[in-house]
Amino acid sequence: EKGGFPYFMLKEISEQPDALADTLRGRLSPEGSIVLDEERLSDQDFRDIDKVFIVACGTAYHAGLIAKYAIEHWTRLPCEVEMASEFRYRDPVLDRSTLVVAISQSGETLDTLMAVKHAREQKARVLAICNTNGSTIPRESDAVLYTRCGPEVGVAATKTFLGQVAACLLVGLFLAQTRGVLYGDEVAAYVDRLQRMPELVRRTLGTVEPVRELARSLAGAKAVLFLGRHVGYPVALEGALKLKELAYMHAEGFPAGELKHGPIALIEPGLPVVVVVPSPRGRANLHGKMVSNIQEVRARGARTIVIAEEGDTAVEPYADHLIRVPATSSLLAPLVTTLPLQVFACELALARGLDVDQPRNLAKSVTVE
Ligand code: F6R
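Predicted model only: the values in this text are computed from it and were never measured.

Can you help me understand the state of the cysteines in this one?
Here, disulfide denotes a covalent bond that connects the sulfur atoms of two cysteines. Using the criterion set out here, one finds zero disulfides in the structure. The closest cysteine sulfur to the non-disulfide-bonded Cys168 is located on Cys79, 8.7 Å from its own sulfur.

Shown next as structure tokens:
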């Protein structure tokens, strides 16, 4: 049942092009609009919303952090993302014009479920993004968007993370379309880009072989840092989480701009630092700022592992290891930049002789608080 792979995780990583296509299937119309038929909120409900909260745990929380960038940019609605385990203890301000998006692969995570119940008690509209049909969180929500990635057996979330990111992007575009914030041709341009993503995911997975070799060479490292900016920041957090849970290594993700406020003190000669580089075509010269950050850590002895778009030559002089991903629009980039980080963590754990399907102390679904 592992389809010829020694571990479910390797199989599930390889299934991502199809898993992503399954999440998107039927939801991108040939005319270039977003179709979300099966969820049970009306267009009027979506028009009445004035604020979005995303609640989730772990990897699903990272998907939510990515979604915030897209939702605020596309809809101009304020969007907050919160770990479900903190949400209801904070007395969040919720009412019937709040949309709460609860993201959960299993649909059984107790903290996320309790956040959903709390939100509904406060009359918020709750939309679940979930991978498991008929599970508890969708049942307790007003509406559900299934990620349809198929069963995920490996404890570490991989393909379902891609599905969660894609589902969040669909929700963001749908909100923008329904509320008339984006023009039809702007939505259509994103529909077109999303259509192409499964193929880009396939291409990226076809080029990750050198990542395996690199990961094996780092099996003895004590710690790894991950840096990102914009949507690359949650990708960095996700890369660090994968490494913690699979390789039992100290790993941390930071927004690169935060380095000088403390974390740069951690840099010592030989420390591997993985950098998720924004597109050179992106906004606010984030790319140029990131190139400076790579120089800064390298000048202090870090071994830089740079994930950058094909054609980005500016990073070349400062990359000890360069991992290429296909060019995409900034908000969709996590669908490809995450892939080498999954492979990196998986391979490093395997090189340390660990079982990547069953990491110690972890369960696939966390039904206790
Ligand atoms: C990490 C991982 C966990 C889950 C988290 C939420 O690889 O799998 O962090 O993402 O426990 O689980 P769900 O999505 O089932 O609510």
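How should I be thinking about the packing of helix H2 (residues 16-24) against helix H8 (residues 159-178) in this particular structure?
For any two helices packed against each other, one specifies the crossing angle of their axes together with the interaxial distance. Across the interface, H2 lies against H8 with an axial gap of 9 Å and an inter-helix angle of 30°. Here H2 is positioned roughly parallel relative to H8, judged by the angle of their axes. Considering only the axes of H2 and H8, their crossing is right-handed. Judged by residue contacts, Gln16, Ala19, Leu20, Thr23 and Leu24 of H2 engage Lys159, Leu162, Gly163, Ala166, Ala167 and Leu170 from H8.

Explanation requested: the site of the ligand in the structure shown.
Around the ligand sit 14 residues, and of these Ser104, Gln105, Ser106, Thr109 and Glu245 come closest. Take Ser104: an N or O atom from its side chain is 2.6 Å from an oxygen atom of the ligand. Thr109 is positioned with one of its side-chain polar atoms (N or O) 2.4 Å from an oxygen atom of the ligand. For the ligand, whose accessible area on its own is 410 Å², the fraction buried by protein is 89%. Mapped by element, the contributors of at least two residues to the shell around the ligand are helix H4 (58-75) and helix H11 (232-247). When residues in the shell around the ligand are grouped by element, the largest group, three residues, is from H4.

Looking at this structure, how should I read the nonpolar core?
As a rule of thumb, soluble globular proteins bury nonpolar side chains together. With 94 residues, the main nonpolar core has Val52, Phe226, Leu243 and Phe344 as its most contacted residues. Tallying contributions element by element places H8 first for this core, with 13 residues. For Leu243, the residues in contact, after removing those within four places along its chain, are Val224, Phe226, Tyr248, Met249, Ala251, Phe344, Ala345 and Leu348. Membership of the second largest hydrophobic core comes to 21 residues, among which are Phe254, Leu259, Val275 and Val297.

Please clarify how the pairing of strand S4 (residues 125-130) should be interpreted in this entry.
For a regular strand, side chains alternate in direction, first toward one face of the sheet and then toward the other. In terms of burial, S4 is a largely internal element, five of the six residues being buried. Pairing of strand S3 (residues 98-104) with S4, which is carried by six bridges, proceeds in the parallel orientation. Note that in S4 the partner of Ile103 across the bridge is Ile129. In terms of handedness, the path from S3 via helix H6 (residues 110-121) over to S4 forms a crossover that is right-handed.

It is not clear to me how the environment of Pro17 should be interpreted in this structure. Could you clarify?
With respect to the secondary-structure elements, Pro17 resides in helix H2. Given the relative accessible area of 3%, Pro17 is considered buried. In this structure, the C-alpha to C-alpha distance between Pro17 and Gly301, residues 284 residues apart in sequence, is 37 Å. The contacts of Pro17, once residues within four sequence positions are left out, are Pro198, Val201, Arg202 and Leu205.

Which parts of the structure should I look at to understand the sheet that holds strand S1 (residues 51-56)?
Note: strands within a sheet are paired through backbone hydrogen bonds, in either parallel or antiparallel orientation. The strand order S2-S1-S3-S4-S5 describes an open sheet built from five strands, whose pairing is parallel. Because the sheet does not close on itself, it has two edges, and the strands there are strand S2 (79-83) and strand S5 (143-146). Each adjacent strand pair in this sheet contributes to an overall mean axis angle of 20°, direction not counted. Packing against the sheet, H6 makes contact with S1, S3 and S4, and its axis sits at approximately 165° to S3.

What counts and what doesn't
- Residues numbered from 1 in each chain as written.
- Predicted model: local features only at pLDDT ≥ 70, side-chain atom pairs only at ≥ 80, totals over all residues.
- Heavy atoms only, no water.
- Disulfide = S-S within 2.5 Å.
- Axes fitted to C-alpha atoms, helices over the stretch in contact; angles between N-to-C directions.
- Helix = DSSP H or I, 4+ residues; strand = E, 2+ residues; numbered from the N terminus.
- Parallel < 35°, antiparallel > 145°, perpendicular 65-115°, else oblique.
- Left-handed = near helix turned anticlockwise from the far one by under 90°.
- Contact = heavy atoms within 4.5 Å.
- Near = heavy atom within 4 Å.
- Polar contact = N/O pair within 3.5 Å; in protein donor to acceptor, adjacent residues only side chain to side chain.
- Areas by Shrake-Rupley, 256 points an atom, 1.4 Å probe, with all protein chains shown as cover.
- Core = buried A, V, L, I, M, F, W, Y, C linked by side-chain atoms within 4.5 Å.
- Buried < 20%, exposed > 50% of the residue type's maximum accessible area, 1.4 Å probe, protein only.
- Pairing = 2+ DSSP bridges.
- Right-handed = clockwise from strand over helix to strand, strands pointing away.

Structural measurements only, silent on function.
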